[in-house]
Amino acid sequence: MEISTITQAMQLHAQLIKTGHGKNTLSLSKLFNFTALSYSGNLSYARAIFDSIPCPNSYFWNTMIRAYSKSTEPEHALQLFLTMQHKDHKPDKFTYPFILKSCGCLRKTHEGKQFHALIYKSGLEFDRFIQNSLIHMYCDCGESNAAARVFEKMLEKDVVSWTSIIDGYVDDNRSTEALQLFGKMEKEGIEPNDATVVSVLRACADVGALDTGRKIHQIVEEKNFGKVNVSTALIDMYSKCGCIDSARKVFEKIEQKDVFAWTTMISGLASHGKSKEAIDLFETMVEMHVKPDVRTITAVLSACKNAGWVREGYSYLNKMEKRFGLRPTIQHYGCMVDLLARAGYLKEAEQLIKRMPIEADSVVWRNLIWACKVHGDKDRSDRLMNQHQHLQMDFKIKDSGTCVLFGNIYASTGEWSEKAKVRQLMNKKGLTKPKGSSKIETKGTIHEFVAGATSHPDAKKIYEKLDEITEDLILAGYQPKVSEVMLDIEDEEKALQLHHHSERIAVAFALISTNKDARIQIVKNLRSCEDCHNVMKLISKVYEREIVIRDRIRFHHFKNGNCSCGDYW
DNA sequence: CAACGATCAA
């Protein structure tokens, strides 16, 4: 008898009890399997069945543990493992993958390592499934190095091993290495499947690896990976690599578009400054009866923010709860505060922070304070900075972003002693300034630059080119600003090197290493500043090159000295 | 006697 509903399962259970289920383990295991694992099952009912078995065999133990590992309370899986040991029942090669999954979900690195030791002692360390689970567990716990050690030791790495380690590297901000691993995987002749390409596309999106991304698109076509999530990953990759039109083409071809596909497309359009298209697409989505989720609304609000549409922003924020039944999160309120503040409604922005049912985080405060500075409302920004500084002291928030903001504000108004205090505070709290970097892809390889770095093999040529660029820019009317970094550095020569921001170094590298008509595409890990924009505008004009910059917030397309995304602010 | 691992967006 096939079981497909929980009622059927209960009927079968009743029958088994009546006729005495002692001998009929096959029916009972079928029943148990359904109750514990199927989507329409019932975990506590499964546990009741489990508890009614006097001496459960391995299958029952493992299935019960597996059920917990998939549930919202994976810690019960670990508890059950202890019970199992207590009752002298030995774990086997099926037990460990579920246990390791639970450790991963719960970020229990320490326990995970202990299980690793147990696995080693029981001689199961060369089981492929267990090794793959170990890789995944270590990645979930943020220990990608430990995962890599397991991976290296594997004698037969299969496609799941490769996918797991690649995906883990992407999650751990090691996308460049993830792409190198994919290259190795191809060399070893392992065929990627749909899960693999999704992970590799995430890596491409992360670092702006368009060439590799296109290559993956070809593989997807050849192998006919038709799942929506693959298309969604392609849309995201193309969007994040600056090719919004290619993203759109992939989107149009999807037959059954789900929330993820819609949301990814909408946020791609929003980040490219195409607010109108983003909003239109959202309306179409609603017409097609696809229910938006909280992230969809975030994308819509950020489209409003980029366009400065205050009324529309408010209306979507209201609709979100009333029409779609979604509770706004800090991201939504933060976006709305930012929208108001950028449009110059500073008082309203501050009031919204006080009114909203969630406590503002430091990102929200930071955006508002910065907006006050941009709009020249010094009283408000001083007051907010004082308030926020107290918050920071009182709650011991470790937030280097806020310190950087304060430092920048003091520097821009020439309050050097205040700025020095911020620096002292950062030292005391052990905070370091996030280091800006710029990535660029040439011939399928990712190059990453930070200000002042000299480790690139072409460093000498790049800095020569930079000097040349600086001269050309000055001829075209650029006035070098006394950079903030320069003031902190004693050594003058070092200061001059640092003065070249990372994106300028990347552009110089692109100018000497790419074709004249290829567009230059840069991924920054921080938000780009006004000075960066002015310089990019000029370079694109003087050298007649198209330059695309992606920063934390959005894209900026520079062509012949014009920026198609409006001003940076 | 049954069974196990990797998947998307601010």
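Chain A has the name Pentatricopeptide repeat-containing protein in an unreviewed UniProt entry, where Thalictrum thalictroides is given as its organism.

Chemist: I'm lost on the overall build of chain A in this one. Help?
Modeler: For chain A, the helix and strand inventory stands at 30 helices and 6 strands. Considering chain A as a whole, with its 569 residues, one finds that 48% of them fall into the buried category. A separation threshold of at least 6 residues defines the contact pool for chain A, and within that pool the share at least 24 residues apart is 62%. For chain A, the accessible area works out to roughly 29300 Å², and carbon and sulfur atoms hold 51% of it. Separation between the mean location of the 78 positive side-chain charges and that of the 72 negative ones in chain A comes to 4 Å.

Chemist: Explain the protein's contact with DNA strand B here, please?
Modeler: If you check the shell around DNA strand B, you find 35 residues, and the closest are Asn132, Asp158, Asn229, Lys240 and Phe260. In DNA strand B, atoms within 4 Å of the protein come from the sugar-phosphate backbone in 27% of cases. For DNA strand B, a base nitrogen lies 3.3 Å from a polar atom in the side chain of Ser29. Measuring from a base nitrogen of DNA strand B, one finds a side-chain N or O atom of Asp293 at 3.2 Å. Considering every element that reaches the surface near DNA strand B, the biggest residue donor is helix H10 (residues 159-171), with 4 residues. Among the residues forming the surface near DNA strand B, the class breakdown is 10 nonpolar, 14 polar and 11 charged.

Chemist: Honestly, the side chain of His332 in this entry has me stumped. Any pointers?
Modeler: Relative to the helices and strands, His332 is located in helix H20 (residues 330-342). Residue class for His332 comes out buried when judged on its relative accessible area of 1%. Within the local environment of His332, its side chain forms a polar contact with the side chain of Thr298, the two groups lying 3.1 Å apart. For His332, the contacting residues outside a window of four places in its chain are Val294, Ile297, Thr298, Leu301, Leu317 and Met320.

Chemist: What is the right way to look at the environment of Val404 in this model?
Modeler: Among the structural elements, Val404 can be located in helix H24 (residues 400-412). As a C-alpha pair, Val404 and Lys443 span 39 residues in sequence and 35 Å in three-dimensional space. With sequence-adjacent residues up to four places away left out, Val404 is seen in contact with Lys433 and Pro434.

Chemist: Just to check I follow, could you spell out the side chain of Asn62 for this structure?
Modeler: Along the chain, the position of Asn62 falls in helix H4 (residues 58-70). For Asn62, a relative accessible area of 6% translates into the label buried. Residue contacts for Asn62: discarding those within four places in its chain leaves Met84, Asp92, Phe94, Thr95 and Phe98.

Chemist: Explanation requested: the pairing of strand E3 (residues 520-524) in the structure shown.
Modeler: Successive side chains on a regular strand alternate, one facing one side of the sheet and the next facing the other. In terms of burial, E3 is a largely internal element, 5 of the 5 residues being buried. Covered by surrounding structure in E3 are Ile520, Ile522 and Lys524 together with Gln521 and Val523, the residues of both alternating faces. For strand E1 (residues 437-442) and E3, the ladder comprises 2 bridges, and the chain directions are antiparallel. Bridging across to E3, Lys439 finds its partner in Val523. Across 4 bridges, the pairing between E3 and strand E4 (residues 547-550) is parallel. Across the sheet, Val523 pairs through a bridge with Arg550, a residue of E4. Taken together, E3, helix H30 (residues 530-542) and E4 constitute a β-α-β crossover, and its handedness is right-handed.

Chemist: It is not clear to me how the pairing of E1 should be interpreted in this structure. Could you clarify?
Modeler: Taken across its 6 residues, E1 has 6 buried, putting it largely inside the fold. The alternating pattern of E1 places Ser437, Lys439 and Glu441 on one face and Ser438, Ile440 and Thr442 on the opposite face, and all of these are buried. Bridge count between E1 and strand E2 (residues 445-450): 6 bridges; the pairing is antiparallel. The partner of Lys439 across the bridge, within E2, is Glu448. Hairpin connection from E1 to E2: 2 residues lie between these consecutive antiparallel strands, with Lys443 at a positive phi of about 45°.

Chemist: What is the right way to look at the packing of aromatic side chains in this model?
Modeler: How two aromatic rings sit relative to each other is given by the distance of their centres and the angle of their planes. Tallying each qualifying case throughout the model produces 11 aromatic pairs. Measuring from ring centre to ring centre gives 6.0 Å for Phe81 and Tyr96, while their planes differ by 55°; the resulting arrangement is tilted. A residue pair is termed long-range when its members are at least 10 positions apart, and Phe81 in helix H5 (residues 75-86) and Tyr96 in helix H6 (residues 95-105) qualify at 15 residues. There is no split in this pair, since Phe81 and Tyr96 are both buried. Judged by centre distance (5.2 Å) and plane angle (75°), the ring pair of Phe251 and Trp262 falls under edge-to-face. Of this pair, Phe251 sits in helix H15 (residues 244-253) while Trp262 sits in helix H16 (residues 259-271), and the two are 11 residues apart along the sequence. The two residues Phe251 and Trp262 agree in class, both being buried. Here the aromatic residues Phe32, Phe50, Tyr59, Phe60 and Trp61 are joined through ring pairs into a cluster of three or more.

Chemist: Please explain the UniProt feature "repeat: PPR" (unreviewed entry) in chain A as it appears in this structure.
Modeler: Under the present numbering, the feature "repeat: PPR" (unreviewed entry) in UniProt falls on residues 57-91, 127-157, 158-192 and 258-292. For residues 57-91, the helix share is 71%, the strand share is 0%, and the end-to-end C-alpha distance is 11 Å. For residues 258-292, helix accounts for 74% and strand for 0%, while the C-alpha atoms at its two ends are 10 Å apart.

Chemist: Whenever I open this one, helix H9 (residues 144-153) confuses me. Can you help?
Modeler: Side chains three or four residues apart in an α-helix point the same way, a direct result of the helix having 3.6 residues per turn. Taken as a whole, H9 has its buried residues at Ser144, Ala146, Ala147, Ala148, Val150 and Phe151. Structurally, H9 contributes buried residues whose contacts are with helix H7 (109-121), helix H8 (128-140), H10 and helix H11 (175-187).

Chemist: How should the packing of H24 against helix H25 (residues 416-429) be read in this particular structure?
Modeler: Each pair of packed helices can be described by the angle between their axes along with the distance between the axes. It is at 8 Å that the axes of H24 and H25 come closest, and there the two elements cross at 165°. By the angle between their axes, H24 is roughly antiparallel relative to H25. Like other packed secondary-structure pairs, H24 and H25 cross with a definite hand, here left-handed. For the pair H24 and H25, the contacting residues are Ser400, Cys403, Phe406, Gly407, Tyr410 and Ala411 in the first and Trp416, Glu418, Lys419, Val422 and Met426 in the second. When the residues that make up the contact of H24 with H25 are grouped by side-chain class, the tally is 7 nonpolar, 2 polar and 2 charged.

Chemist: Even after reading the chapter, I still don't get the sheet that holds E4, so can you show me in this structure?
Modeler: To summarise the sheet geometry, strands pair through backbone hydrogen bonds and adopt either a parallel or an antiparallel arrangement. Taken together, the 6 strands give an open sheet; going across it, the order is E2-E1-E3-E4-E5-E6, and neighbouring strands pair in mixed fashion. Only two strands of the sheet have a single neighbouring strand rather than two, namely E2 and strand E6 (562-563).

Chemist: Would you mind showing me how to read the pattern of salt bridges here?
Modeler: Charged atoms that come close allow side chains of opposite charge to pair. Overall, the coordinates contain 23 salt bridges when judged by the stated rule. A salt bridge links Glu191 to Lys223; the nearest nitrogen and oxygen atoms lie 2.2 Å apart. Of the two residues, Glu191 sits in the loop between H11 and helix H12 (194-207) while Lys223 sits in helix H13 (residues 210-223), which places them 32 residues apart along the sequence. Of the residues examined, Lys223 reaches a relative accessible area of 33% and is grouped as partly exposed. A cluster of three or more residues bridged by salt bridges with shared partners is formed by Glu350, Lys354, Asp377, Arg380 and Arg383.

Conventions and cut-offs
The numbers attached to residues start from 1 for each chain and follow its sequence in the written order. Chains carry letters from A onward and ligands carry numbers from 1 onward, assigned in written order. pLDDT decides what is reported in this predicted model: residues at 70 or higher carry local features, side-chain atom pairs at 80 or more are listed and counted, and totals for whole chains, interfaces and linings draw on all residues regardless. Excluding hydrogens and water, the side-chain values take into account all heavy atoms of the structure. Where helices and strands are cited, they refer to DSSP runs of H or I of at least four residues and of E of at least two residues respectively, numbered from the N terminus. Burial classes follow relative accessibility: with a 1.4 Å probe on protein chains only, a residue under 20% of its type's maximum area counts as buried, one over 50% as exposed, and anything between as partly exposed. Should any heavy atoms of two residues lie within 4.5 Å, those residues are considered in contact. Per-residue and other accessible areas were derived by the Shrake-Rupley procedure at a 1.4 Å probe size, with only the shown protein chains allowed to occlude residues. Counting rule for charge: Lys and Arg are taken as positive, Asp and Glu as negative, and neither His nor the chain ends is counted. Lys charges are placed at NZ, Arg charges at CZ, Asp charges at CG and Glu charges at CD. We call a residue near a molecule or strand whenever a single non-hydrogen atom of that residue lies within 4 Å of it. Polar contacts, as used here, are pairs of N or O atoms within 3.5 Å; protein pairs need one atom able to donate a hydrogen and one able to accept it. Residues neighboring in sequence count only if both atoms are side-chain atoms. Just so you know the grouping, Ala, Val, Leu, Ile, Met, Phe, Trp, Tyr, Cys and Pro go in nonpolar, Asp, Glu, Lys and Arg go in charged, and all remaining residues, Gly too, go in polar. When DSSP locates at least two bridges between a pair of strands, those strands are taken to pair. We call a crossover right-handed when, viewed with both strands directed away from the observer, the connection leading from the first strand over the helix to the second proceeds clockwise. Centres within 6.5 Å are what make two rings of Phe, Tyr or Trp a pair, Trp counting through its six-membered ring; a difference in plane orientation under 30 degrees is then read as stacked, over 60 as edge-to-face, and the rest as tilted. UniProt positions are given in the numbering used here, feature names are shortened, and annotations may be inferred rather than shown by experiment. Orientation is described by lines fitted to C-alpha atoms, with helices fitted over the stretch in contact, and by angles between N-to-C directions that extend from 0 to 180 degrees. Roughly parallel refers to an angle under 35 degrees, roughly antiparallel to one over 145, roughly perpendicular to one between 65 and 115, and oblique to any angle outside these ranges. Throughout, a crossing is termed right-handed when the near helix is turned clockwise from the far one, and left-handed when it is turned anticlockwise from it by less than a right angle. Take a side-chain nitrogen of Lys or Arg and a carboxyl oxygen of Asp or Glu: if they are within 4 Å of each other, that pair is a salt bridge.

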